[in-house]
Amino acid sequence: MKRICSSSNETLLGLDTGEDCLAKPVQYAEYTIVFVEEGEGIFHADFGAFPFKGPVLLFSTPLQMIYIEQPGPCKLAMLQFHSDFYCIEYHKAQVACNGLLFNNIYIEPSVKLNDREARIFKNLLDELAEEFDVSGCDEIVMRGYLQLFLAKSSSIKTRSAANMLNPEERDEQMEEFRRLLDQHYLTLHKPADYAELLAMSSNNFTKRCTKYFKKSPSAMIQERLILEAKRQLHLTRRSIKEIAYSLQFSDEFYFSRFFKKFTRVSPQTFRQQTGISIVADLPQ
């Protein structure tokens, strides 16, 4: 793996072209992008399982449990970056990828590519690989390649999402569940609560949700709460106790147990590994 490392030997930017790099479940402290040039399989990210066929880009956020299940060989490359190297929230004006490519529990963490787009990303990765090999590689240049990679991905994702607004595929009740979950995730924690608000049976709600979002309602409710916890841990300097209370947990210890059950790391470890964003110190 080609890497730019911090003074403590942590990966700031990395590129791996090993075809078995995600053969086993793993958690990375970095944002991870997998470019699948050829092949097919299932991308597992926490509770979600997403079938794919190359060429495609797959995305995961820090400390998600991810791996690729593949029936045959895949030609792939893995690009990773730490938020200390490139903060997607700080650069949201240049690259609107936060909530689109990363940190979104409602849409598939992938970008399907046509042959022309696949060649563009392959060329970008080839250029990046060559830059790694240059003695004293320029981090400004590397950030430029990464920003272009993310901007192009976001553009394709936005365009494809607009083209997929097929009324026959859109489930209005599940879209309403999305809105209700964003509104009530702090107080309503049971699928039955949302089924009642939607005037649906629990069984029908579970089937429709799993088909539409490729996750169960229980998984989505937990993910939405964890997503906000991760946001506050990364983008603010609030204490663990303050974050626990803001998420309406009775105490920080219960919050820590809940967070660790889902992420397999404690809130403090998550903050240590992902860092606190420079956004935390900007005027609100």
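First, a word on scope: everything that follows refers to the structure included in this document.

Scoring rules and cut-offs
Going along each chain's sequence as written, the residues are numbered from 1 onward. Side-chain atom pairs in this predicted model are given and counted only at pLDDT of 80 or more, local residue features only at pLDDT of at least 70, and totals for whole chains, interfaces and linings cover all residues. Based on all heavy atoms of the structure, the side-chain values leave hydrogens and waters out of the count. In this description, a nonpolar core means a group of buried Ala, Val, Leu, Ile, Met, Phe, Trp, Tyr and Cys residues linked to one another through side-chain atoms lying within 4.5 Å. Relative accessibility thresholds used throughout: buried, under 20% of the residue-type maximum; exposed, over 50%; partly exposed, between the two (1.4 Å probe, protein chains only). Helix and strand definitions here come from DSSP, where helices need a minimum of 4 consecutive H or I residues and strands a minimum of 2 consecutive E residues; each element is numbered from the N-terminal end. It only takes one pair of heavy atoms within 4.5 Å for two residues to be counted as in contact. The distinction between a cavity and a pocket rests on a 1 Å grid over the protein atoms alone: a 1.4 Å probe fits inside a cavity but cannot get out, while a pocket stays open yet meets protein on both sides within 12 Å along at least five of seven lines, and a residue with an atom within 4 Å of a point counts as lining. Grid points are joined across faces, edges and corners, and a volume is the space filled by probe spheres set on the points.

1. Some remarks on the nonpolar core
Grouped burial of nonpolar side chains is what soluble globular proteins tend to show. Within the largest apolar cluster, 34 residues are counted, with the highest numbers of intra-cluster contacts made by Leu13, Ile33, Leu57, Leu79, Phe81, Phe102 and Leu150. Among the secondary structure elements, those contributing two or more residues to this core are β2 (11–16), β4 (31–38), β7 (56–60), β9 (75–81), α1 (115–133) and α2 (139–163). The dominant element in this core, judged by the number of residues it contributes, is α1, at 7 residues. With sequence-adjacent residues up to four places away left out, isoleucine 33 is seen in contact with Leu57, Leu58, Phe59, Ala77, Met78, Leu79, Phe81, Phe102, Phe149 and Leu150. Counting 33 residues, the second largest nonpolar core, distinct from the first, contains Ile105, Leu180, Leu225 and Leu227.

2. A short note on empty space enclosed by the protein
All told, the structure shown has 1 cavity of 30 Å³ or more when counted by the stated rule. Volume-wise, the largest cavity comes out at about 280 Å³. Forming the boundary of the largest cavity are 23 residues, of which Thr61, Gln64, Asn104, Ile105 and Glu223 lie nearest the centre. Broken down by secondary-structure element, the contributors of at least two residues to the lining of the largest cavity are β6 (48–53), β7 and α6 (217–235). Ranked by the residues each element gives to the lining of the largest cavity, the list is headed by α6, at 4 residues.

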